[in-house]
Amino acid sequence: MIETLHPLVRWFHRFGSPPTFYRWAGNMQPWLFGAAILIGAVGLYLGLVVAPADYLQGESVRILYIHVPCAWMGLFAYLFVAANAAIALVWRIRISEILAMCAAPIGAMFTALTLATGSLWGRPTWGTYWVWDARLTSELVLLFLYLGIIALYNAIDDRRRAARAAGLLALVGVVNLPVIHYSVRWWSTLHQGESVSLMGKSSIHPSMLWPLLLMALATHIWFFASLAARARAALLESDSDKAWVRDLSAAGTAHAPGQS
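These numbers were taken from a predicted model, which means no experiment stands behind them.

## Concerning helix α2 (residues 18-50)
(1) Moving on: An ideal rise of 1.5 Å per residue puts 48 Å on 33 residues; α2 measures up with 45 Å between its terminal C-alpha atoms.
(2) Moving on: Maximal helix bending in α2 amounts to about 30 degrees, located at Q29; proline P30 follows within four positions.

This is the structure we're talking about:
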């Protein structure tokens, strides 16, 4: 029956086979963690040591080398959650349910870091840790959405039903993403406008741009590394009574991420 499906859906089903995904994620996980640490170390060194201080913000601008990549990552992670939730709801692909639910805590962590580092930056810049600014408020709503998804998923015993319910909430919450992105254009806010553009010329100096881009790359790689680790653990827990998990346990490889 699977041969009659659309090629993309067929690929999802085959790649989403628990033993296949478990082995593939285990092989990729150490490489992803290693790349994230290496690139992140270079990005932090360039941002915290090499890049010049801002002529207005002074040394406090260095907080942005963590704040901005975390903010980008929080939005990306939510899109990832919503996309996998949609795939799971439409095609009933189980691995997409697992990926969506495992990505939510990671996205929540990045969003919480965004709010925390933003507050640390706001104190010397605005004179206060928090203002009910449109960008800050919509970012806080994003954190609440993440927490709502996590809470709803853990409130229902049936994992498949729980993932579908939490996935619906994730899809509803997508409406907040353009609010976050365009808030500095739609309303008069204290939050500064965009200085990095993917489609046009960035207004930030290359000495500051490159550390930001490296940190953004490092956080994205770290996201997928963490996702691989969490998804593998979730598969082992949910399939503990399946033959493939018993075979792994018998071979002594169930907790060896780099082995197949």
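Picking up after the structure, the text goes on.
## Here we look at the environment of W244
(1) Moving on: Mapping W244 onto the fold places it in helix α9 (residues 243-251).
(2) Moving on: Remark: the alpha-carbon pair of W244 and P19, spanning 225 residues in sequence, is separated by 6.6 Å.
(3) Moving on: In this structure W244 touches P18, P19, Y22, L235, L236 and D239, once residues within four positions along its chain are discounted.

## A look at the packing of helix α5 (residues 134-155) against helix α6 (residues 159-173)
(1) Moving on: At a closest axis distance of 8 Å, the pairing of α5 and α6 adopts a crossing angle of 160 degrees. Looking at the two axes, α5 sits roughly antiparallel to α6. Regarding α5 and α6, the two cross each other, and that crossing is right-handed. Within the contact between the two elements, α5 uses L145, G148, I149, L152, Y153 and N154 and α6 uses R159, A162, A163, A165, A166, L169, A170 and G173.
(2) Moving on: Across the contact of α5 with α6, the residue classes break down as 10 nonpolar, 3 polar and 1 charged.

## Looking at α6
Residues lying three or four places apart along an α-helix face the same way, a consequence of the helix completing one turn every 3.6 residues.
(1) Moving on: When the terminal C-alpha atoms of α6 are compared, their 21 Å separation across 15 residues agrees well with the 21 Å that a helix rising 1.5 Å per residue should span.
(2) Moving on: Taken as a whole, α6 has its buried residues at A162, A163, A166, G167, A170 and G173. All buried residues of α6 lie within an arc of 130 degrees about the axis, which places them on one face of the element.
(3) Moving on: Taken together, the buried residues of α6 touch α3 (64-91), α4 (94-126), α5 and α7 (176-186).
(4) Moving on: Between a side-chain oxygen at the N-terminus of α6 and the backbone nitrogen of R160 the separation is 3.0 Å; the capping residue is D158.

## Quick word on the nonpolar core
(1) Moving on: Among the nonpolar cores identified, the biggest contains 47 residues, and Y78, I149, F223 and L227 are the most heavily contacted of them.
(2) Moving on: Elements with a contribution of two residues or more to this core: α2, α3, α4, α5, α6, α7, α8 (206-238) and α9.
(3) Moving on: Looking at this core element by element, the count peaks at 12 residues for α4.
(4) Moving on: Those residues in contact with F223 that lie beyond four places of it in its chain are M73, F76, A77, F80, A103 and I106.
(5) Moving on: Formed by 10 residues, the second largest nonpolar core is a distinct cluster that contains A51, L64, V68 and I204.

## Description of a nonpolar patch on the surface
(1) Moving on: Together, L44, Y45, L48, V49, V50 and I66 make up an exposed nonpolar region whose accessible area comes to about 510 Å².
(2) Moving on: Per element, the largest residue contribution to the nonpolar patch is 5 residues, and it comes from α2.
(3) Moving on: Positionally, L44 belongs in helix α2.
(4) Moving on: Among the residues examined, L44 registers a relative accessible area of 31% and is labelled partly exposed.

## Quick notes on the packing of aromatic side chains
(1) Moving on: Within the structure shown, the criterion is met by 11 aromatic pairs.
(2) Moving on: A centroid spacing of 4.8 Å and a plane angle of 75 degrees characterise the contact between F33 and W222, whose relative ring orientation is edge-to-face. Within this pair, whereas F33 is found in helix α2, its partner W222 is found in helix α8, the two being separated by 189 residues in sequence.
(3) Moving on: You can call W222 partly exposed: its relative accessible area is 33%.
(4) Moving on: Taken together, the aromatic side chains of F76, F80, F223 and F224 make up a single cluster linked through ring pairs.

## A closer look at unusual backbone geometry
Negative phi characterises most residues that are not glycine, and trans characterises most peptide bonds.
(1) Moving on: Residue R92 is not a glycine yet carries a positive backbone phi of 55 degrees.
(2) Moving on: With relative accessibility at 47%, the residue R92 sits in the partly exposed group.

Definitions and cut-offs
- Residues numbered from 1 in each chain as written.
- Predicted model: local features only at pLDDT ≥ 70, side-chain atom pairs only at ≥ 80, totals over all residues.
- Heavy atoms only, no water.
- Helix = DSSP H or I, 4+ residues; strand = E, 2+ residues; numbered from the N terminus.
- Expected span 1.5 Å × (residues − 1).
- Bend = angle between axes of the 7 residues up to and from the residue.
- Contact = heavy atoms within 4.5 Å.
- Axes fitted to C-alpha atoms, helices over the stretch in contact; angles between N-to-C directions.
- Parallel < 35°, antiparallel > 145°, perpendicular 65-115°, else oblique.
- Left-handed = near helix turned anticlockwise from the far one by under 90°.
- Nonpolar A, V, L, I, M, F, W, Y, C, P; charged D, E, K, R; others polar.
- Buried < 20%, exposed > 50% of the residue type's maximum accessible area, 1.4 Å probe, protein only.
- Arc of directions from axis to C-beta.
- Polar contact = N/O pair within 3.5 Å; in protein donor to acceptor, adjacent residues only side chain to side chain.
- Core = buried A, V, L, I, M, F, W, Y, C linked by side-chain atoms within 4.5 Å.
- Patch = residues over 30% accessible without salt bridge, like charges linked within 9 Å, V, L, I, M, F, W, Y side chains within 5 Å.
- Areas by Shrake-Rupley, 256 points an atom, 1.4 Å probe, with all protein chains shown as cover.
- Salt bridge = Lys/Arg side-chain N within 4 Å of Asp/Glu carboxyl O.
- Phe/Tyr/Trp six-rings, centres within 6.5 Å; stacked < 30°, edge-to-face > 60°.

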